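Residue-level structure breakdown
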Amino acid sequence: MGNGTSIGKVRGLGSAHHGAHHWLTHRLTAISNLVLMAWLLVSFMLLTDFNYSTVTTWLSQPIAAVPMILLIFSLFFHARMGLTVLIEDYVHETGLRFAVLSALNLAAIGAGAFAIFSVASIALTGAA
């Protein structure tokens, strides 16, 4: 492939062809986070009070519960993607990297599922 130099070893290998997709997905989740957080702030400003009954009544409506679930999914997915890149770039030991990535995935999926379940239970039953 090459003459043993650094450039000779990598010449012709090309790219892995997954970086652009990851970059674009991360940007799209950032945009969705921006839009959904703006919706959440406007919704909070339109609430008359922030007590438990007002917020659960608001969140029990489908027009509030569906965007809230989308926001939760988008936030946790975006955070998981960003932290995955950070860990892959800065944790160099293979075993430690695997352990940290596994813990990250478990935490992101577990916390996201708990948050979505909480919103769904309020939306479907009217109480947490």
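One structure accompanies this document, and this report is about it. Owing to the predicted nature of the structure, the values given are computational and were not obtained by experimental measurement. (Residues numbered from 1 in each chain as written. Predicted model: local features only at pLDDT ≥ 70, side-chain atom pairs only at ≥ 80, totals over all residues. Heavy atoms only, no water.)

With respect to helix α5 (residues 94-125)
Here α5 contains 32 residues, and its C-alpha end-to-end distance of 46 Å stays within 8% of the 46 Å for a straight helix at 1.5 Å per residue. Elements in contact with the buried residues of α5: α3 (52-59) and α4 (62-90). G126, located one to two residues past α5, shows a positive phi value of around 85 degrees. (Helix = DSSP H or I, 4+ residues; strand = E, 2+ residues; numbered from the N terminus. Expected span 1.5 Å × (residues − 1). Contact = heavy atoms within 4.5 Å.)

Some details on the nonpolar core
Counting 13 residues, the largest nonpolar core has L40, W58, L59, M68, L71, I72 and V119 as its most contacted members. No other element matches α4, which puts five residues into this core. If sequence neighbours within four positions are ignored, M68 has contacts with W39, L40, W58, L59 and V119. (Core = buried A, V, L, I, M, F, W, Y, C linked by side-chain atoms within 4.5 Å. Buried < 20%, exposed > 50% of the residue type's maximum accessible area, 1.4 Å probe, protein only.)

Comments concerning the packing of aromatic side chains
Using the criterion set out here, one finds four aromatic pairs in the structure. On the numbers, 6.0 Å between centres and 90 degrees between planes, the contact of F44 with F50 is edge-to-face. The interplanar angle of 5 degrees and the centroid separation of 5.9 Å between the aromatic rings of F73 and F77 together place this pair among those described as stacked. With F73 and F77 both in helix α4 and four residues apart, this pair spans about one turn of that helix. With relative accessibility at 54%, the residue F73 sits in the exposed group. By relative accessible area, which is 31% here, F77 ends up partly exposed. (Phe/Tyr/Trp six-rings, centres within 6.5 Å; stacked < 30°, edge-to-face > 60°.)

Description of the environment of Q61
Position of Q61 relative to the elements: it lies in the loop between α3 and α4. Separated by 65 residues in sequence, Q61 and G126 have C-alpha atoms that sit 8.9 Å apart.

Let's talk about α4
Within an α-helix, residues lying three or four positions from one another point in the same direction, as the helix has 3.6 residues per turn. Between its first and last C-alpha atoms α4 spans 42 Å; for 29 residues at 1.5 Å apiece the expected length is 42 Å, and the two agree. Along α4, the positions that sit buried rather than exposed are A64, A65, P67, M68, L71, I72, S74, M81, T84 and I87. Residues of α4 that are buried in the fold lie against α2 (19-46), α3 and α5.

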